[in-house]
Amino acid sequence: MLIGIIITESDKVIISKYFTLQQFAYYSLASSLATAIYKIVIPVTSVMMPRFTELIGLGDELKLIKSYHHACQLVSFLIMPVISVIVLFSYEIISMWTRDISIADNTYIILSVLSFGCMLSSLYHIPYYLQLAYGRNKLALYSSAIGSLLIIPINIIFVMSYGLIGPAIVWLVFNLCYPLIIIPIMHRTILKSEKLVWYFQDILIPFISSFSVVFFWRMLSYIPKLQLFEYLPPLYRTLPFIILAILSAYIVTSYLLVPIRNGIKDILLRRPNISTK
C-alpha cells in the first residue's frame, strides 16, 4: 500500500514543492484525466483472479491460457481507443472541458504523456493478477520496491531538468518497464510459451489498429477543405472528429480481436457468452 502511494503520488508532492500553485493545478488536472482510465480497467481485471485461481487449482492450463489472453485483449479493447483519442486530441479535449485555452496550452502535452503511461500500467493488470493466482508475488513486490526507491530522486532530477513535463516522462518510462522487463521475466516461469502471443496478439494488434485509426481522423481534422463542421462554435469543431475517431477505432479493433468480435456477435444474437472464460 505504502509502495503504491509512493509510486503514484510522489510526482505531485515534488511538483508542489518546486512549482507554483497554478502549475500544480495544471498537472493535477492532467493527472486526474489520465488516471480516470483505471475506473474502466480495475472492475474488469479484478474479477479475473478468482477465475485464474480456479483454473490453476483444476490444472486446466489450456483454459487458463485462453482466459488469460481473452482478458488481456478485453483490457486492450476497452482502453486503447480511448487512450489513443486522449493522446492525439488532448488539446481539444481539455479546451472543450475547461473552456479555457490557457489551461489547454499548459496541460495538453502532460495529459498525453501521462495517459500513455496509464495505458501501459493498465496492460499489466491481468499479468499481475495471474502472478497472484499462482502465488508468485515476488516479482511484483521487488519491482515495486525498486521503483519506489528510484522514482523520487529521478522525479526530482527530471523536474529540475525538464520542468513540469519531467514527472510525466518519468511515469511513462516507469510503466514502459512492465512490457519491456517485467513481462519477459514473468513468462520465464508462468505460461512460458505465451509471451509472444501476449505481445503481438493481445497488445500490438489493438495498439496499431486504435492509434492508426485515430491518427487518420486527427490528420483529417487538420485539412482546411474538410472543415465540415464550421457551423459549430470554434471550440467544438473538432468534437465530431473525436467522436468518429473513437467509434471507428472501437469498430476496427473489435473486428481484429477474434474473442471480442465473437463476444459482440453473441450479445447481438442474444447468446450470452463470457469471452474471458
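Check the entry above for the structure.
Residues numbered from 1 in each chain as written. Predicted model: local features only at pLDDT ≥ 70, side-chain atom pairs only at ≥ 80, totals over all residues. Heavy atoms only, no water.

1. Quick look at the packing of helix H5 (residues 61–88) against helix H13 (residues 258–268)
Any two packed helices are characterised by how steeply their axes cross, that is the angle between the axes, and by the distance between the axes.
Here comes step 1: In the contact formed by H5 and H13, the axes pass within 9 Å of each other and the chain directions differ by 80°. Taken together, the axes of H5 and H13 lie roughly perpendicular to each other. Residue-level inspection shows His70, Gln73, Leu74 and Phe77 of H5 in contact with H13, the latter providing Val258, Pro259 and Ile260. (Axes fitted to C-alpha atoms, helices over the stretch in contact; angles between N-to-C directions. Helix = DSSP H or I, 4+ residues; strand = E, 2+ residues; numbered from the N terminus. Parallel < 35°, antiparallel > 145°, perpendicular 65-115°, else oblique. Contact = heavy atoms within 4.5 Å.)

2. What to know about the nonpolar core
Here comes step 1: Judged by nonpolar contacts, the single largest core of 59 residues is most densely connected at Ile37, Phe52, Tyr68, Ile79, Leu114, Ile126 and Leu130.
Here comes step 2: If you tally residues by element for this core, the top one is H5, at twelve residues.
Here comes step 3: Residues Met96, Trp217, Phe241 and Ala249 belong to the second largest nonpolar core, which totals eleven residues. (Core = buried A, V, L, I, M, F, W, Y, C linked by side-chain atoms within 4.5 Å. Buried < 20%, exposed > 50% of the residue type's maximum accessible area, 1.4 Å probe, protein only.)

3. Structural notes on the pattern of salt bridges
Here comes step 1: Summed over the entire model, instances satisfying the criterion amount to three salt bridges.
Here comes step 2: Between Glu54 and Arg51 there is a salt bridge, with the nearest N and O atoms lying 3.5 Å from each other. Here the residue Glu54 and the residue Arg51 both occupy positions in helix H4 (residues 48–58), the gap between them amounting to three residues, near one helical turn.
Here comes step 3: Glu54 sits in the partly exposed class, given a relative accessible area of 43%.
Here comes step 4: On the accessibility criterion, Arg51 (17% relative accessible area) is buried.
Here comes step 5: Here Glu92 ties to Arg218 by a salt bridge, and the two come within 3.0 Å at their closest N and O atoms. Of the two residues, Glu92 is situated in helix H6 (residues 90–98) and Arg218 in helix H11 (residues 195–220); the sequence distance between them amounts to 126 residues. Just as Glu92 is buried, Arg218 falls in that class too. (Salt bridge = Lys/Arg side-chain N within 4 Å of Asp/Glu carboxyl O.)

The quantities given are spatial measurements derived from coordinates; they are silent on function.
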